[in-house]
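# Chain and residue survey
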Amino acid sequence: MPARTAPRPRRAASTRPASRDSRDLIFTAAAELFSARGFDGTGVDDIAHAARLNKAMLYYHFDSKLALYREIVRDMLRAVGARALHTADSPEPADARLVAFIAGLVRLSDERPWFPPLMLREIVEGAPRLDPDTLVLMKDVFMAFGRILGDGHRTGLFRPINPILAYMSVLGPILLNAARERAAARPGRLDLPMFADVPHADLTAHMQHAALRLLSPEPTRA
């Protein structure tokens, strides 16, 4: 018995770092491929080849291609949700929190550039791969945003507005600009005005300005 059980600690200690690295390689390769080709256009063999790993390693870390896809979506939603809740809980006025909420969205999208195109495609297709656990994470982001809107309305900083419409107005520029950038990356399009580079600092400032204008109280008529 001692001879059979002794090797286990040594095996776990030697393989844990490599296992973590292989998971990250699979995650990154899959995220980029899903973003570029979509779920149906990406195969397990494609992901393994891009990660330079054996296909069996993918199934070691994830139950299926769908489980891997959902984890990529959840990874972003968890990050956005944590940032959104932190912003919603801030003692700052609602307009300052809205500005911070938008800046956080753009920053996290820059850190995970595959997410906006992936999410835009998923929404256009009717979100068939988003299960209840993933949708709960989306709800957390929306509810935090709604709290900022509600506080702004109660304090007179924002006009009353349907939170769904406001949410779409805020998220829309990130998703559409990501699609525009993807189209601009095609050969021979760099000189077209529509596909000119837009610094993301400019995108952030535009979104913040547009959101504040959208939500500002309507002027009182004499």
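Residues numbered from 1 in each chain as written. Predicted model: local features only at pLDDT ≥ 70, side-chain atom pairs only at ≥ 80, totals over all residues. Heavy atoms only, no water.

By the element assignment, Gly104 lies in helix 6 (residues 94-111). For Gly104, a relative accessible area of 2% corresponds to the buried category. C-alpha of Gly104 to C-alpha of Ala79: the two residues are 25 residues apart in sequence and 9.7 Å apart in space. (Helix = DSSP H or I, 4+ residues; strand = E, 2+ residues; numbered from the N terminus. Buried < 20%, exposed > 50% of the residue type's maximum accessible area, 1.4 Å probe, protein only.)

For the rest of this paragraph, the subject is the packing of aromatic side chains. According to the stated counting rule, one finds seven aromatic pairs in the structure shown. On the numbers, 6.3 Å between centres and 75° between planes, the contact of Phe27 with Trp114 is edge-to-face. Of this pair, Phe27 sits in helix 2 (residues 7-37) while Trp114 is found in the loop between helix 6 and helix 7 (115-124), placing the two residues 87 residues apart along the sequence. Pair check on accessibility: Phe27 and Trp114 agree, each one buried. Ring plane angle 85° and centroid distance 5.2 Å describe the contact between Phe142 and Tyr167, whose orientation is recorded as edge-to-face. Within this pair, whereas Phe142 is found in helix 8 (residues 132-154), its partner Tyr167 is found in helix 9 (residues 163-184), the two being separated by 25 residues in sequence. Note on Phe142: relative accessible area 23%, which makes it partly exposed. (Phe/Tyr/Trp six-rings, centres within 6.5 Å; stacked < 30°, edge-to-face > 60°.)

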